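# Chains, contacts and geometry: an overview
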Amino acid sequence: MPFVQINWVKGYLATKGFGNLAMAVPDMAKSSEGKSIETVIEETKIAMQIGTLKYAGRAIIYDAFRASMVDGLHPDEEKAIAAIATAFELDLELVSQLKALAIKEEALRAEKAKLVTPDHPCLDPKYK
């Protein structure tokens, strides 16, 4: 997982109140390097049986699109997201809708940044 995506996931988890989990993201990303998509899917399916995670499949797919879009959604990332969604027994039409929603949200974020903080020195260049 590229550095920018790791930072996005860390920030996202931290804002949700999962500080300890946020700090573990770099280690989790490193441990997944070199694993096949099949292994990642199997490990994810096992983890999804814990507590309320079994209800989080849609949110995980949606957030996977959001994290992947930080530096541009690569076709291989999209294939991996679709494969994991299939393992969660989510149909590809729903996956397409979740992707479209993530794209709309990013477009709205860009529009808001341009209107609310157009000249702010800390504004990410992609929003200028």
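Residues numbered from 1 in each chain as written. Predicted model: local features only at pLDDT ≥ 70, side-chain atom pairs only at ≥ 80, totals over all residues. Heavy atoms only, no water.

## Looking at the packing of aromatic side chains
Any pair of aromatic rings gets described here by the distance separating the centres and the angle formed by the planes. In this structure the tally under the stated criterion is one aromatic pair. Seen from their ring centres, Trp8 and Tyr12 are 5.1 Å apart, and the 10° between their planes marks the pair as stacked. Of this pair, Trp8 and Tyr12 are both found in helix α1 (residues 3-15), four residues apart, which corresponds to roughly one turn of the helix. Judged by relative accessible area, which is 23%, Trp8 ranks as partly exposed. (Phe/Tyr/Trp six-rings, centres within 6.5 Å; stacked < 30°, edge-to-face > 60°. Helix = DSSP H or I, 4+ residues; strand = E, 2+ residues; numbered from the N terminus. Buried < 20%, exposed > 50% of the residue type's maximum accessible area, 1.4 Å probe, protein only.)

## Some words on the packing of helix α4 (residues 57-68) against helix α5 (residues 75-87)
In contact at an axis separation of 10 Å, α4 and α5 are set at 170° when each is read in the N-to-C sense. Looking at the two axes, α4 sits roughly antiparallel to α5. Contact residues: Ile61, Ala64, Phe65 and Ser68 in α4; Glu77, Glu78, Ile81, Ile84 and Ala85 in α5. Counted by class, the contact of α4 with α5 contains six nonpolar, one polar and two charged residues. (Axes fitted to C-alpha atoms, helices over the stretch in contact; angles between N-to-C directions. Parallel < 35°, antiparallel > 145°, perpendicular 65-115°, else oblique. Contact = heavy atoms within 4.5 Å. Nonpolar A, V, L, I, M, F, W, Y, C, P; charged D, E, K, R; others polar.)

## Looking at the pattern of salt bridges
Applying the stated criterion across every chain yields a total of five salt bridges. Among the salt bridges present, the one from Glu106 reaches Arg109, with a minimum N-O distance of 2.7 Å. Here the residue Glu106 and the residue Arg109 both occupy positions in helix α6 (residues 92-116), the gap between them amounting to three residues, near one helical turn. For Glu106, a relative accessible area of 21% corresponds to the partly exposed category. We classify Arg109 as partly exposed; its relative accessible area is 32%. The structure contains a network of salt bridges with shared partners spanning Asp63, Arg66 and Glu105. (Salt bridge = Lys/Arg side-chain N within 4 Å of Asp/Glu carboxyl O.)

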